[in-house]
Amino acid sequence: MASRPRPTVTYDAPPNIALVKYWGVRDEELRLPYNSSFSVTLDRLRSRTAVRFDPELREDEVELNGTAAVGGPRDGVVRFLDRVRELAGTSDHASVRSENNFPTASGLASSASGFAALAGAATRAAGLALSDRDLSRLARRGSGSASRSVFGGFVEWRAGVRPDGFDSYARSVYPARHWPSLVDLVLLVRGAPVKEVRSNDAMQATVRTSPDYRARLAEVPRRLRAIRAAVGARRADRLFSLVMEECDSFRLVCETTVPSLDYLTATSRAILAEVRELNRAAGRTLAGYTHDAGAHVHVFTLARDLAAVRRRLAGIEGVERTLVVRPGPGGRFVRATSGRAS
Ligand code: PMV
């Protein structure tokens, strides 16, 4: 029996920034991490993805930010669609259009928002109605950090222990409104190199070769608990110190990977140094930095200190743009329309 044409479903999902990083998987196929991670979902930024399954299509059509996707990015989407087809029991190909309202390929976590949005759009477009927990498990398969972008606010992705990954999903620990005065200044660094090694390959190289990885794994659970507690109590100074400690631990295992993974530019390093100096001069920890596998730097502070922190960082050579974001809501269904995506 020929399958019916289905609606175009549009779904939005935000990026998130990890306060405790996911780095290293015990199962590459299922993307099961060695350690649990913890993040803040960011407001204002989003990937918007529209998906339609169509029995007339001879292959999947994937458009990312207005351009037909090729190579690795296309393959990742097609593999993800294969999983959705398997779940929905269909062999129809799909048309996928996705766009970000923030600079892509900039290391700004577009894989997290992108795969969370794709999970939300593709499952509904295939006629499935998944719970957010199931969406998180599914999004995890596209990109680990995407499991967290399904939810808003402060989110924990529990590593889980089961070999089948059933217990490896994210959940919201505190909603975005828990701490609206927490601000994330995202400093976009000019000339940030495009990633040479995919994060999956990079993290597995760390697991294999960094002499510091075991020690990191041993200390992460304690730090995660402390970070969760600092967020719960809205203790900014404690949170910022712990977030910098975690970022330094992440950077150390990257740098001691063979060959070394160095994601920062001179500008990124100047920002880290300036935040340290700012805290030293203030005699308290009024800001905390973190970065992912990229050159851009996130600086957390409270709304009341924002102007002072911005002024301080404004003089740094090589910062192209600064975005001011806060904790925000998770992924959301936008619309379903019949026929083609416009
Ligand atoms: O989800 P991926 O495969 O893009 O890897 C994300 C890794 C980090 O961003 C460095 C850390 C994290 O937990 O988001």
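Residues numbered from 1 in each chain as written. Predicted model: local features only at pLDDT ≥ 70, side-chain atom pairs only at ≥ 80, totals over all residues. Heavy atoms only, no water.

Considerations on helix α2 (residues 110-125)
In plain terms, the rule: Put simply, DSSP marks the helices as runs of H or I at least four residues long and the strands as runs of E at least two long, and each gets a number from the N terminus on. Each helix should span, by expectation, one fewer than its residue count multiplied by 1.5 Å. Think of it in three bands: residues with accessible area under 20% of the maximum for their type are buried, residues over 50% are exposed, and the middle band is partly exposed, with areas taken using a 1.4 Å probe on protein chains only.
With 16 residues, α2 ought to run about 22 Å at 1.5 Å a step, and its terminal C-alpha atoms sit 22 Å apart, in line with that. The element α2 is extensively covered by neighbouring structure, given that 13 of its 16 residues are classed as buried.

Here's the deal with the sheet that holds strand β11 (residues 170-174)
Where we set the bar: The rule for pairing is simple: two strands pair if DSSP sees at least two bridges between them. Angular values range over 0 to 180 degrees, each being the angle between N-to-C directions of two axes fitted as lines to C-alpha atoms, with helices fitted over their stretch in contact.
Pairing is antiparallel across the open sheet formed by four strands, whose spatial order is β2-β5-β10-β11. Edge positions in the sheet fall to β2 (16-20) and β11, since each has one partner strand and no second. Between one strand and the next, the sheet's axes are offset by a mean angle of 35°, whatever the strand orientation.

Section: the site of the ligand
Test applied: The rule for a residue being near a molecule or strand is that one of its heavy atoms must lie within 4 Å of it. For this analysis, a polar contact is any N or O atom pair within 3.5 Å, provided that within protein one partner can donate a hydrogen and the other can accept it, and provided that sequence-adjacent residues contribute only side-chain to side-chain pairs. Surface accessibility follows the Shrake-Rupley procedure with a 1.4 Å probe radius. Residue values consider only the protein chains on display as shielding. Where each domain starts and ends follows an automatic or database-derived domain assignment.
If you check the shell around the ligand, you find 15 residues, and the closest are Tyr22, Ser143, Ser145, Arg148 and Ser199. The contact in question runs from an oxygen atom of the ligand to an N or O atom on the side chain of Ser145, over 2.6 Å. Ser199 has a polar side-chain atom sitting 2.9 Å from an oxygen atom of the ligand. When the ligand sits alone it has 380 Å² of accessible area, and the protein chains cover 93% of it. Looking at which domains feed residues into the shell around the ligand, each of domain 1 (8-178) and domain 2 (182-325) supplies at least three.

Some points on helix α9 (residues 306-314)
What counts here: This arc is taken over the directions from the axis of the helix to the C-beta atoms. Residue contacts follow a heavy-atom distance rule, with two residues in contact if any of their heavy atoms lie within 4.5 Å.
Those residues of α9 that sit buried are Leu306, Val309 and Leu313. End-on view of α9: buried residues confined to an arc of 70°, all on one side of the axis. Looking at α9, the residues exposed on the side facing more than 90 degrees away from the buried face are Arg311 and Ala314. In this structure, the buried residues of α9 make contact with β12 (182-189), α8 (266-282), β13 (287-290), β14 (297-302) and β15 (319-325).

Quick notes on the packing of helix α6 (residues 213-232) against helix α7 (residues 236-255)
Here is the rule: Angular relationships are summarised with four words: roughly parallel below 35 degrees, roughly antiparallel beyond 145, roughly perpendicular across 65 to 115, and oblique for the angles in between. Two helices that cross are described as forming a left-handed crossing if the nearer one is turned anticlockwise from the farther one by less than a right angle, and a right-handed crossing if clockwise. Each residue receives one of three labels: charged for Asp, Glu, Lys and Arg, nonpolar for Ala, Val, Leu, Ile, Met, Phe, Trp, Tyr, Cys and Pro, and polar for the others, Gly being one of them.
Viewed as axis vectors pointing N to C, α6 and α7 meet at an angle of 160°, and their least axial separation amounts to 10 Å. One finds that α6 runs roughly antiparallel with respect to α7. Relative to α7, the crossing made by α6 is left-handed. Residues Tyr213, Arg216, Glu219, Val220, Arg222, Arg223, Ala226, Ile227, Ala230 and Val231 of α6 form the contact with α7, whose participating residues are Arg238, Leu239, Leu242, Val243, Glu245, Glu246, Ser249, Phe250 and Val253. Class assignment for the residues of the contact of α6 with α7 results in 11 nonpolar, one polar and seven charged.

Focus: the sheet that holds strand β9 (residues 93-100)
The strand order β8-β7-β9-β6-β1-β16 describes an open sheet built from six strands, whose pairing is mixed. The sheet terminates laterally at β8 (67-68) and β16 (332-337), the two strands that pair on one side only. By the bridge criterion, five bridges tie strand β1 (residues 8-13) to β16 in an arrangement that is antiparallel. Bridge pairing in β16 places Val9 opposite Ala336. Contacting β1, β6 (47-54), β9 and β16, α2 runs over the sheet at an angle of about 35° to β6.

Section: the pattern of salt bridges
Under the convention used in this document: Any Lys or Arg side-chain nitrogen located within 4 Å of an Asp or Glu carboxyl oxygen qualifies as a salt bridge.
For the coordinates displayed, the defined rule picks out 28 salt bridges. We note a salt bridge from Arg48 to Asp12, for which the minimum N-O separation is 2.7 Å. Linking Arg48 in strand β6 with Asp12 in strand β1, this pair joins segments that are 36 residues apart in sequence. Residue Asp12 is classed as buried on the basis of its relative accessible area of 6%. One connected set of salt bridges, linked through shared partners, spans Arg216, Glu219, Arg222, Arg223, Glu245 and Glu246.

Focus on unusual backbone geometry
Both trends apply: most residues other than glycine have a negative phi, and most peptide bonds are in trans. Here the residue pair Val258 and Pro259 is connected by a cis peptide bond, since its omega of -10° sits within 30 degrees of zero. Even without glycine at this site, Arg44 takes up a positive phi of about 70°. Along the chain, the position of Arg44 falls in the loop between β5 (37-41) and β6. Positive phi is not limited to glycine here, since Arg234 has a value of about 50°. As for its placement among the helices and strands, Arg234 is situated in the loop between α6 and α7.

Topic: the packing of α8 against α9
When two helices pack together, their arrangement is given by the angle between the helix axes and by the axis-to-axis distance. Relative orientation of the contacting elements α8 and α9 amounts to 135°, with a least axis distance of 10 Å. Judged on the interaxial angle alone, α9 and α8 are oblique. α8 and α9 meet at a crossing whose hand is right-handed. Contacts between α8 and α9 pair Ile271, Glu274, Val275, Glu277 and Leu278 from the former with Val309, Arg312 and Leu313 from the latter. Along the lines of polarity and charge, the residues of the contact of α8 with α9 split into five nonpolar, no polar and three charged.

Looking at the state of the cysteines
Spelled out, the test is: Two cysteine sulfurs form a disulfide in these notes if their separation is within 2.5 Å.
Taken as a whole and judged by the stated rule, the model has zero disulfides. Here Cys247 is not cross-linked by a disulfide; its sulfur's nearest cysteine counterpart is in Cys254, at 9.3 Å.

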